[in-house]
Amino acid sequence: MPSQLYSAFDNVRFFEGVDMIKPDLMGDVWPVAEPSADISAYGSAKLAPTGAFEARSSQSFKLIYTVGKLGIDDTGSIRVVFRVVSDFGRLQVNNSGENNYVSATTNGSADLKLKYDPDGHQRPWNKCLTIEVRKGCLRPGDEITISFGSVSARAGGMQLPSAVEHQFEFKVLTDVCAVGHYVPIAESPAIAVVPGKPVIWKALLPTLRRPGERFCFGLKAEDKWGNPTDQAAGNFRLLTTLPVDGLPEEIIYKPGNKSLCFDNLKVLQPGCLRITVLGEGDSVIAASPPLVIEAGRHGGYWGDLHGQTGETVGLNTARSYFEFARDLAFLDVTAHQANDFQINNRFWAHINELTAEFLQEGRFVTFPGYEWSGNTAVGGDRNVFFATEGRQIHRSSHSLLPNRSDLGTDAHDANELFNALKAEDCIVYAHVGGRYADIGYAHDGRIETAVEIHSAWGTFEWLLTDSFDLGYRCGVVCNSDGHKGRPGASYPGASEFGAYGGLTCFLAEELSRKGILESQRRRHHYGTSGARLYLDVQVDFPTPATVFARDPNLFDNPDQEQINTAMMGDIVQTRDNEVTLRLQTITQAPIERIEIRSGKNVLKTLYGYGKKDLSSRIRVLCCGAEYRGRGRETHWDGEARFKAARITRMEKINIWNHERKCELIGEDKISWQTITTGNFCGFDVWLEEGEDARLEVETNHGSLRAKLKDIGRDDLVREAGGLERRLRIFRLPEENTTYEMTAQLKIAITPSGDNPLWVCVTTQDGFQAWSSPVYVFQK
């Protein structure tokens, strides 16, 4: 069968053909007027200019609010509110010479007082500009003119969001009677935020297929902020390491496309496929991650099952979310996870309609589901995924839902949730978002099969190691938990999110709901911080061991079989006192290190290079978080000075926000202001080193000093309090060419309790991968 070619087009120009957020699907609780009230009595607004504007560009707008027939009383006010996750520049009312300045005037007989509060209104419209009427009142027909972004010699206007927003709304509310009761006007103005110019091409493949099994190859261009852009074009040649049935040798990428997807491709022979996209003069435009072709029971299917959209607290629509996952992130599996206390019944039905519509088993698998968003005190965030549509949603509360007719279906703590789901065909994950999951408070291993240890919120290995202490047997997943409608390619942008969103590779017998659910129930999957790499972890037993299809501590008489080799996620009982862990990884970037772990202990660290390969390249990293909760962000303000040395080159690592400082000053100093949320970020420098060269690092969380000759392959560490907060410094080779490693390690088995055997892979570009543990026990 010939390949199928799909194109994703941008039709957002001036809102033409855009799937807009429907008000009846939103979980807002607006204090509204009486049903018989004339909403036009509260006034109207118009915006100039309107249309489409480039992401993170600086613009100036005038919003003219016309007072309705009720007028506005003395100390009454209007508000212009914006979505909390939209990362436009922080508005300010004090300095006209700086970006994001806002001012207001009126032709009425009153003064105006302005105040901006980024948390001044109700979710999801937290970002709030209030214009209060003082020393007078405004009559029907009077106008308030609000200027957003004054352009001057020093100021560049209002900085727009970094992510595409089909409907960036200036939502206007009024409190005409000065009673603190804000009512939305009938129609608020909006603009479209569209992608910028292309800065990078991305070529994407799946990671594991069997000979003859279909797959797709995706190509796209992204702008500076990670938005797939329709402004790219080119004539390209495709160079492959294996013959690919259905893939053309040359392609034409036309303007207007946001992506190209070549589907129904096949490779018939075993091996490792990489595709290099060549441009003019055979210059390398993009290189794909590896696709391993090997015979076996399982394929590898990439998913991001955790994100939400503008019907609740995010951006854009649920429909565009599923389209992005399939057509722009080239995922195999996805699910939508809105906060339950904002899911009204119409939106719950809409999610189910979408998952049924987009489900195409063998090509693209969707699951209906939601995020149970209980507070940490009663169990914390959980993800719920149903096997079929039409199931009852059990919310943590109706906090933002005006219709309370189904309060009796709520599950107010996580134990109630597990009880409500016990007869359902479903899977639950524990995760760390605004509210982190307390798996000590509640956990049911019969349905809660995994913990999410990486997302846009950060990295949280502690959630998995907590489960070891509690005797649970959980798998590892990673997702984006993205709020900008970009599952599978979730950039943090210019916000306080400090990490790129994660991905999970499901090792399943088939790409179907049944196949993915069985992969989840057996923990046959691994997670990454966003990279697509191949990872195989197996444990060999000298004598036959028993592998259980379900946890024998939780299920009566689960299916079992005798094996000599277990795969990641397996639960295995053995009589052996020693086993051998074997691993193979093939990566998208050179391998920095691999840690082989048993529970919380690192048994051995492997490197993608030897000590003799070390060069004058030094990596400086900031790591960790403040604590487990919502305010976990650690803000780093640092300076690294290289004495008796000269910096010839510098590259950033995991600093996703282009507006956060990390810069070379002179020839011997790096200055930075960054954040970490359990993950790590930093930089590499290439040096010309003098004989007595030294490094001095000063940060707001501690200092580290060392002679450069004492910096080697092993980390120099300065612990800095908080939650695994630390500085790390080590040396790297000039060029690391190791993209594949195999290793094995004999491991002594502790006779009492579980031996969770797992690995962590770190690649040189800052990405990580974690295998689900093999749970080995003797008794």
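Please refer to the structure placed before this passage.
All of these numbers come straight from a predicted model, not from anything done at the bench.

**Here's the deal with the overall build of the protein chain**
Looking only at helices and strands, one finds 5 helices and 54 strands in the protein chain. Compactness check: the protein chain gives a C-alpha radius of gyration of 27 Å against a globular reference of 28 Å for 779 residues, within 12% of the reference. Each principal axis of the C-alpha atoms in the protein chain carries an extent, and together these give about 90 × 70 × 55 Å. For the protein chain, with 779 residues in total, the buried portion stands at 62%. Long-range pairs, those at least 24 residues apart, make up 74% of the contacts in the protein chain with a sequence separation of at least 6. Summed over all atoms, the accessible surface of the protein chain reaches about 29100 Å², with 46% contributed by carbon and sulfur. Here the protein chain holds 85 positive side-chain charges and 101 negative ones, and the gap between their average locations is 2 Å.

**Describing helix 4 (residues 461–469)**
The buried count for helix 4 comes to 8 of 9 residues, which makes it a mostly enclosed element. Within helix 4, the full set of buried residues consists of E461, W462, L463, L464, T465, D466, S467 and F468. Backbone geometry just after helix 4 places G471 at a positive phi near 80°.

**Comments concerning the packing of helix 1 (residues 318–328) against helix 2 (residues 345–358)**
Contact geometry for helix 1 and helix 2: axes closest at 10 Å, N-to-C directions at 30°. Our classification of the angle between helix 1 and helix 2 gives roughly parallel. Viewed along their axes, helix 1 and helix 2 form a crossing whose handedness is right-handed. Contact residues: helix 1 offers A318, R319, F322, E323 and R326, while helix 2 offers F347, L354, T355, E357 and F358. A breakdown of the residues in the contact of helix 1 with helix 2 according to their chemical character gives 5 nonpolar, 1 polar and 4 charged.

**Re the pairing of strand 54 (residues 774–777)**
Judged by which residues are buried, strand 54 turns out to be covered on both faces: V774 and V776 on one side and Y775 and F777 on the other are all buried. Of the strand pairs in this sheet, strand 39 (residues 571–573) and strand 54 are connected by 3 bridges, and their pairing is parallel. Its bridge partner lying in strand 54, Q573 is registered against F777. In this sheet, strand 54 lies alongside strand 52 (residues 755–763) in antiparallel orientation, the contact comprising 3 bridges. Bridging from a neighbouring strand, L757 pairs with V774 of strand 54.

**A word on the sheet that holds strand 9 (residues 127–137)**
Across a sheet, strands are paired by hydrogen bonds formed along the backbone, either parallel or antiparallel in direction. Within the open sheet, the 5 strands sit side by side as 8-9-6-13-14. Their pairing is antiparallel. The outermost strands of the open sheet, each flanked by one partner alone, are strand 8 (109–117) and strand 14 (183–184). In terms of strand pairing, strand 6 (residues 77–82) meets strand 13 (residues 171–175) through 5 bridges, oriented antiparallel. When the sheet's bridge partners are listed, V80 is paired in strand 13 with V172.

**A short note on the nonpolar core**
Ranked by size, the top nonpolar core spans 75 residues in total, and within it Y370, L581 and L583 carry the most contacts. Here this core gets 7 residues from one element, more than from any other, and that element is strand 37 (residues 534–548). Apart from residues lying up to four places away in sequence, L581 is in contact with V537, Q538, V539, I596, A743, Q744, L745, I747, L757 and V759.

**Some thoughts on the pattern of salt bridges**
Summed over the entire model, instances satisfying the criterion amount to 48 salt bridges. Between E371 and R435 there is a salt bridge, with its nearest N and O atoms 3.2 Å apart. With E371 in strand 29 (residues 369–372) and R435 in the loop between strand 31 (426–430) and strand 32 (448–455), this pair connects stretches of sequence that are 64 residues apart. The class for E371 is buried, based on a relative accessible area of 2%. For R435, a relative accessible area of 10% translates into the label buried. Each of the salt bridges in this network shares a partner with another, and the network as a whole consists of E592, R593, D715 and R728.

**Details of the packing of aromatic side chains**
One pass over the full model with this rule turns up 32 aromatic pairs. A centroid spacing of 5.0 Å and a plane angle of 75° characterise the contact between W201 and F236, whose relative ring orientation is edge-to-face. Of this pair, W201 sits in strand 16 (residues 200–204) while F236 sits in strand 19 (residues 234–240), and the two are 35 residues apart along the sequence. You'll find W201 and F236 in the same group, each marked buried. When the ring of F322 is compared with that of F358, the centres are 5.5 Å apart and the planes differ by 25°; the resulting orientation is stacked. Of the two residues, F322 sits in helix 1 while F358 sits in helix 2, which places them 36 residues apart along the sequence.

The rules behind the values
- Residues numbered from 1 in each chain as written.
- Predicted model: local features only at pLDDT ≥ 70, side-chain atom pairs only at ≥ 80, totals over all residues.
- Heavy atoms only, no water.
- Helix = DSSP H or I, 4+ residues; strand = E, 2+ residues; numbered from the N terminus.
- Rg over C-alpha atoms; globule rule 2.2 N^0.38 Å.
- Buried < 20%, exposed > 50% of the residue type's maximum accessible area, 1.4 Å probe, protein only.
- Contact = heavy atoms within 4.5 Å.
- Areas by Shrake-Rupley, 256 points an atom, 1.4 Å probe, with all protein chains shown as cover.
- Lys, Arg positive; Asp, Glu negative; His and termini not counted.
- Charge placed at Lys NZ, Arg CZ, Asp CG, Glu CD.
- Axes fitted to C-alpha atoms, helices over the stretch in contact; angles between N-to-C directions.
- Parallel < 35°, antiparallel > 145°, perpendicular 65-115°, else oblique.
- Left-handed = near helix turned anticlockwise from the far one by under 90°.
- Nonpolar A, V, L, I, M, F, W, Y, C, P; charged D, E, K, R; others polar.
- Pairing = 2+ DSSP bridges.
- Core = buried A, V, L, I, M, F, W, Y, C linked by side-chain atoms within 4.5 Å.
- Salt bridge = Lys/Arg side-chain N within 4 Å of Asp/Glu carboxyl O.
- Phe/Tyr/Trp six-rings, centres within 6.5 Å; stacked < 30°, edge-to-face > 60°.

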